[in-house]
Amino acid sequence: MRLIIDHQTRYHYADVVRRSTQYLRLTPHSSARQQILSWQLELPGEATCTTDGYGNILHVLSLESPHEGILIRAHGEVEICDDAPEDEEHSPISPLSYLRPTTLTCPSEALRALAQECLPSEPTQADLEGLMARILARMPYQPGSTDATFSADEALASGSGVCQDHTHVFLACCRHAGLPARYVSGYLYSQDSSHVAMHAWAEVWIEARWHTFDVTNLTCSANEHLKLAVGMDYLDACPVRGVRYGGGCEQLQSQARVTRLDGQQQ
């Protein structure tokens, strides 16, 4: 499947920002499963390109002059290879690093109970698929019901959530059960207009390799997914994250469009 991605992020500030730094994980790696045919970032200034501790391509954009807004655009063309396995070519750390909890995935009593309910002492792929179904039943997909600050426990207690929340709850349960699991950010192609193109899902280290688990879509197939970045949780892998001095209140608009070259669109 060949996909065209066009993703724009726009910040507008109520007051002048004196200076700011944006950390951009908006450039995907090529791998056995995804071949990057072309990719460009359009930025309001020069950015330094490096690699973060998880092996993600990271651009650091520093704006030292006053500004009232920022426009960031990522666009490119990618070939997704059906059923190709996830590889570890770009990962600098052991899968065992993904066992530790984080603030957003700390296993509360409710999360531990959910893990124990769904996952036996030696969980199988089928057990993990059952966990996905149980999470989605308890937390139906509902845009706007949570925000980026919600932890897995808070999202579970709210009774609904989005892909980020589903992934955090899944990660917390897997790690409590002794399974290395990591957060994945990226893009999703879907013919269903109710689904946004920006997406998050999980990967779990079982059978000596990473396996995909998309809770929101109840699928273990990544044939319509383009991976941008991985990490312990949202904060490690989110596409755009930054700090600023000044500016007051901000307005954020982010729109991603994923299109198939055969004419079907998201």
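Source: prediction; values computed, not measured. (Residues numbered from 1 in each chain as written. Predicted model: local features only at pLDDT ≥ 70, side-chain atom pairs only at ≥ 80, totals over all residues. Heavy atoms only, no water.)

A. Layout of helix α4 (residues 163-176). End to end, α4 covers 20 Å across 14 residues, agreeing with the expected 20 Å (1.5 Å per residue, within 8%). Of all 14 residues making up α4, 13 are buried, and the element is well covered by its neighbours. Backbone geometry just downstream of α4 places G178 in the positive-phi region, at approximately 85 degrees. (Helix = DSSP H or I, 4+ residues; strand = E, 2+ residues; numbered from the N terminus. Expected span 1.5 Å × (residues − 1). Buried < 20%, exposed > 50% of the residue type's maximum accessible area, 1.4 Å probe, protein only.)

B. Broad picture of the sheet that holds strand β6 (residues 181-188). Reading across the sheet, the four strands line up as β8-β7-β6-β9 and stay open at both edges, with antiparallel pairing between neighbours. Two strands in the sheet have a free side with no partner beyond their single neighbour: β8 (209-213) and β9 (225-231). Put simply, the sheet's adjacent strands are angled 35 degrees from each other on average, direction ignored. Each of β7 (198-206) and β8 is contacted by helix α2 (residues 125-138), which is oriented at about 30 degrees to β8, the strand it contacts most. Contacting β6, β7, β8 and β9, α4 crosses the sheet at an angle of about 15 degrees to β7. (Pairing = 2+ DSSP bridges. Axes fitted to C-alpha atoms, helices over the stretch in contact; angles between N-to-C directions. Contact = heavy atoms within 4.5 Å.)

C. Structural view of the side chain of H59. Locating H59 in the fold gives a position in strand β4 (residues 57-63). Among the residues examined, H59 registers a relative accessible area of 13% and is labelled buried. In this view, H59 contacts Q22, Y23, L24, T27, L41, A47, T48 and C49; residues no more than four positions away in its chain are not counted.

D. Geometry of the nonpolar core. One finds W39, L128, L131, V169, F170, Y187 and V204 to be the most contacted residues of the largest nonpolar core, which totals 55 residues. Within the second largest apolar cluster, seven residues are counted, among which are Y54, V184, W201 and W210. (Core = buried A, V, L, I, M, F, W, Y, C linked by side-chain atoms within 4.5 Å.)

E. Fine view of the environment of S91. When you line up the elements, S91 lands in the loop between β5 (67-80) and α1 (109-118). Counting along the chain gives 35 residues from S91 to N56, while the straight-line C-alpha distance between them is 8.1 Å. Leave out the neighbours within four places in its chain, and S91 touches Y54 and R182. Among the polar contacts listed, one links the side chain of S91 to the backbone oxygen of I93, at a separation of 3.2 Å. (Polar contact = N/O pair within 3.5 Å; in protein donor to acceptor, adjacent residues only side chain to side chain.)

F. How the structure looks around the packing of aromatic side chains. Taken as a whole, this structure holds seven aromatic pairs when the rule is applied. Ring-pair connections join several aromatic residues into one group, and the members of that group are Y54, Y98, W205 and W210. The ring of Y245 has R19 lying over it, and the distance from NZ or CZ to the ring centre is 5.1 Å. (Phe/Tyr/Trp six-rings, centres within 6.5 Å; stacked < 30°, edge-to-face > 60°. Lys NZ or Arg CZ within 6 Å of the ring centre and 35° of its normal.)

G. Examining the pattern of salt bridges more closely. Taken as a whole, this structure holds nine salt bridges when the rule is applied. R73 is the partner of D6 in a salt bridge, and the nearest nitrogen-oxygen pair spans 3.0 Å. Highlighted residues: D6 in strand β1 (residues 2-27) and R73 in strand β5, separated in sequence by 67 residues. The salt bridge partner of E203 is K227, with a shortest N-O separation of 2.9 Å. Here E203 is found in strand β7, whereas its partner K227 is found in strand β9, with 24 residues between them in sequence. K227 carries the same exposure label as E203, and that label is buried. Salt bridges sharing partners connect three or more residues here, namely R2, E77 and E79. (Salt bridge = Lys/Arg side-chain N within 4 Å of Asp/Glu carboxyl O.)

H. Here's a closer look at the environment of E250. As for its position among the elements, E250 is in strand β11 (residues 250-260). Among the residues examined, E250 registers a relative accessible area of 38% and is labelled partly exposed. When residues no more than four places from it in sequence are discounted, the contact partners of E250 are Y11, H12, Y13 and R244.

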